[in-house]
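# Chains, contacts and geometry: an overview
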Amino acid sequence: MKIGIVGVTGYGGIELYRLLTAHPDVETISLYSSSQAGGTIKDIYSHMNTVTNHRLLDIQPEQMKRELDVIFLAAPAGVSSELTPQLLGDKAKVIDLSGDLRLHNRNTYSQWYKKEAAPDSVLAQAVYGLPEWNKENIASADLIANPGCYPTAVLLGLGPLMRSHSADPSSIIIDAKSGVSGAGKNPSAITHFGHTQENFQIYKVNEHQHIPEIEQQLTEWNGAVTPITLSTHLVPMTRGIMATMYMKLHEEITLRQLVEQYQAYYQDQPFVRVREEGNFPCTKDVYASNYCDICLALDNRTRRVTVVSVIDNLMKGAASQAIQNMNLVCGLRETTGLEYLPVYP
Ligand SMILES: NC(=O)C1=CN([C@@H]2O[C@H](COP(=O)(O)OP(=O)(O)OC[C@H]3O[C@@H](n4cnc5c(N)ncnc54)[C@H](OP(=O)(O)O)[C@@H]3O)[C@@H](O)[C@H]2O)C=CC1
Ligand SMILES: CC(=O)N[C@@H](CCC(=O)OP(=O)(O)O)C(=O)O
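Residues numbered from 1 in each chain as written. Chains lettered and ligands numbered in written order. Predicted model: local features only at pLDDT ≥ 70, side-chain atom pairs only at ≥ 80, totals over all residues.

This part takes up the UniProt feature "active site" (unreviewed entry) in the protein. Mapped onto this numbering, the UniProt entry gives "active site" (unreviewed entry) at Cys149. Residue position: Cys149 is located in helix 8 (residues 149-164). The buried category is assigned to Cys149, around which 28 C-beta atoms lie within 10 Å. What Cys149 contacts, discounting residues up to four positions off in sequence, is Ser178, Gly182, Ile241, Asn313, Gly317 and Ala318. (UniProt positions renumbered as here; feature names shortened; annotations may be inferred. Helix = DSSP H or I, 4+ residues; strand = E, 2+ residues; numbered from the N terminus. Buried ≥ 20, exposed ≤ 12 C-beta atoms within 10 Å, placed from the backbone. Contact = placed C-beta atoms within 7 Å.)

Looking now at the site of ligand 1. The full set close to ligand 1 counts 29 residues, and Gly10, Gly12, Ser98, Gly184 and Lys185 are the nearest of them. In terms of residue count, helix 1 (residues 11-21) provides more of the shell around ligand 1 than any other element does, 3 residues in total. Considering only residue class, the shell around ligand 1 consists of 11 nonpolar, 17 polar and 1 charged. Both of domain 1 (2-146 + 318-329) and domain 2 (150-311) provide at least three residues apiece to the shell around ligand 1. (Near = placed C-beta within 6 Å. Nonpolar A, V, L, I, M, F, W, Y, C, P; charged D, E, K, R; others polar. Domains from an automatic or database assignment.)

What follows covers the packing of helix 8 against helix 11 (residues 255-266). The description of two packed helices rests on the angle between their axes and on the distance between the axes. The N-to-C vectors of helix 8 and helix 11 enclose an angle of 105 degrees; their axes lie 10 Å apart at closest approach. The angle between helix 8 and helix 11 falls in the class roughly perpendicular. Where helix 8 abuts helix 11, its residues Gly159, Pro160 and Ser164 lie against Gln261, Tyr262 and Tyr265. Of the residues in the contact of helix 8 with helix 11, the class split is 3 nonpolar, 3 polar and no charged. (Axes fitted to C-alpha atoms, helices over the stretch in contact; angles between N-to-C directions. Parallel < 35°, antiparallel > 145°, perpendicular 65-115°, else oblique.)

Between helix 7 (residues 131-139) and helix 12 (residues 319-329), whose axes approach to 9 Å, the crossing angle comes to 40 degrees. One way to sum up the angle between helix 7 and helix 12 is to call them oblique. Handedness of the helix 7/helix 12 crossing: right-handed. Only Gln324, Asn325, Leu328 and Val329 of helix 12 make contact with helix 7, whose side of the interface consists of Pro131, Lys135, Ile138 and Ala139. In terms of residue class, the contact of helix 7 with helix 12 is made up of 5 nonpolar, 2 polar and 1 charged. (Left-handed = near helix turned anticlockwise from the far one by under 90°.)

A few words on the sheet that holds strand 9 (residues 201-203). One open sheet holds the 7 strands; their spatial order is 9-10-8-11-14-13-12, and the pairing between them is mixed. With one partner strand each, in any of the chains shown, strand 9 and strand 12 (272-274) form the two edges of the open sheet. Across the sheet, the axes of successive neighbouring strands diverge by a mean angle of 20 degrees, strand direction being ignored. The pairing of strand 11 (residues 241-248) with strand 14 (residues 304-311) spans 8 bridges and is antiparallel. Note that in strand 14 the partner of Met245 across the bridge is Val307. This element, helix 11, spans strand 12, strand 13 (292-299) and strand 14 of the sheet and lies at about 160 degrees to strand 13. (Pairing = 2+ DSSP bridges.)

Further remarks concern the nonpolar core. Ranked by internal contacts, the top residues of the largest apolar core, which has 95 residues, are Ile5, Ile71, Phe72, Ala153, Val154 and Cys292. Considering each element in turn, this core owes the most residues, 9 residues, to helix 8. Per-domain counts for this core show at least three residues from each of domain 1 (2-146 + 318-329) and domain 2 (150-311). Excluding residues that lie within four positions of it along the chain, Val154 makes contacts with Ile174, Ala176, Ile214, Ala243, Met245 and Ser309. (Core = buried A, V, L, I, M, F, W, Y, C linked by C-beta atoms within 7 Å.)

All right, on to the domain arrangement of the protein then. Each assigned domain of the protein is listed here: domain 1 (2-146 + 318-329) and domain 2 (150-311). Measuring from the centre of the C-alpha atoms in domain 1 to the corresponding centre in domain 2 gives 25 Å. Contact residues are listed per partner, giving 16 residues for domain 1 and 16 residues for domain 2. Listing elements by their share of the side of domain 1 that touches domain 2, those giving two or more residues are helix 5 (106-113), helix 7 and helix 12. Taken together, the residues of the side of domain 1 that touches domain 2 break down into 7 nonpolar, 7 polar and 2 charged.

All right, on to the site of ligand 2 then. Around ligand 2, the neighbouring residues are Ala77, Ser98, Gly99, Gly148, Cys149, Ser178, Gly182, Ala183, Gln209, Thr232 and Leu234. Residues that form the shell around ligand 2 fall into these classes: 4 nonpolar, 7 polar and no charged. Formed jointly, the shell around ligand 2 draws a minimum of three residues from each of two domains, domain 1 (2-146 + 318-329) and domain 2 (150-311).

Attention now moves to the sheet that holds strand 3 (residues 56-57). Overall, parallel pairing links the 7 strands, which are arranged 3-2-1-4-5-7-6 in an open sheet. Looking at the sheet topology across the chains shown, the edges are occupied by strand 3 and strand 6 (126-128). Bridge count between strand 6 and strand 7 (residues 143-145): 3 bridges; the pairing is parallel. Considered in strand 7, the bridge of Val127 is made with Ile144.

Before going further, it helps to examine the pairing of strand 14. Walk down a regular strand and you will see the side chains alternate between the two sheet faces. Pairing of strand 13 with strand 14, which is carried by 7 bridges, proceeds in the antiparallel orientation. Bridged to Cys295 within strand 14 is Val308. Hairpin connection, strand 13 to strand 14: the antiparallel pair is bridged by 4 residues, and Arg303 has positive phi, about 55 degrees.

Turning to unusual backbone geometry, a few remarks are in order. Residue Pro345 is bonded to the preceding Tyr344 through a cis peptide linkage, with omega at 0 degrees. Notably, Asn206 is not glycine yet its phi reads approximately 60 degrees, a positive angle. Mapped onto the secondary structure, Asn206 falls in the loop between strand 9 and helix 10 (210-221). Since 9 C-beta atoms lie within 10 Å of it, Asn206 is described here as exposed.

What follows is the structure in structure tokens.
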């Protein structure tokens, strides 16, 4: 297969490149840059020093859509909504890592992202790429909206409970933490080393752009879902997301039954590992892998369930999930090129 990556000079893009170089079905990878065409990837990233002179190209949609099989877009919000219409309609399938194509409603996008949304005709073609819950639609799609990093951890953690209707969907509270690579390559005042190290910070309180994305999917699973509370925090680590979620349980269900429910939902999903009671995951359990690890607890005094879900934001939260989607879209085995264990320590 012939692959193109737009935004390869960023964190999500360079991770895509690393993974695709080891993918057995990938023949060529073309790298595109809006600001550094003509340079090489090893000029930018010294860890790519052994890559033979891989030159960065100008983004040329007409040529790309004719010649490439799959194009990954790993650019900031606002880019894909303009670029995607120019890339569709020929040979190439498009997988977008940004938030531009995930929300069905244009007004909701504008409200949360403070940008103009993609045309309705493009949004209508975009399939939400959460493979564990949407495999059949993904397999027949030309355009994939790869989920956000927080929504991936949250939705995998909440899916079985929402679908089984065993929890009160108006009681969802999500407390999530991310490493700094989630904010991309360019440092800001709050991601700068001097600020983040030895620090722990809440941000975008009740304003996070992933709130509507999570609500959209939860509502598809369970019509009784009401607006959620999501609090996001920045922690002084490079990679990883932990989402801790709380809900009231409806029924006299036991923790054992809940765990079995989760295990049944995910038994055929190679990248979700449901743990036994008490065996809570940490972010290093999934570091540099496509896994999502989930563990549940039940407080019988409050009848509140706690769900803990961890992913690597650059992997299952971005690049490796995008490749999982590519495998499905291209009719390959879902796990191709992704079958490795997490890096530890
Ligand atoms: N970091 C993460 O954990 C996750 C990120 N995402 C999303 O994925 C996307 C990429 O994120 P990330 O890699 O972290 O971001 P970075 O900021 O690290 O990189 C983004 C890249 O986009 C390219 N770019 C900037 N402007 C344009 C433009 N106008 N046209 C084309 N390319 C452009 C730049 O490369 P160049 O100048 O060479 O073109 C830049 O290197 C974002 O939308 C992000 O929200 C989603 C899930 C997780
Ligand atoms: C730590 C950190 O800052 N993370 C980013 C994740 C951004 C992201 O992935 O944005 P889209 O999914 O909307 O493209 C944030 O919280 O905004």
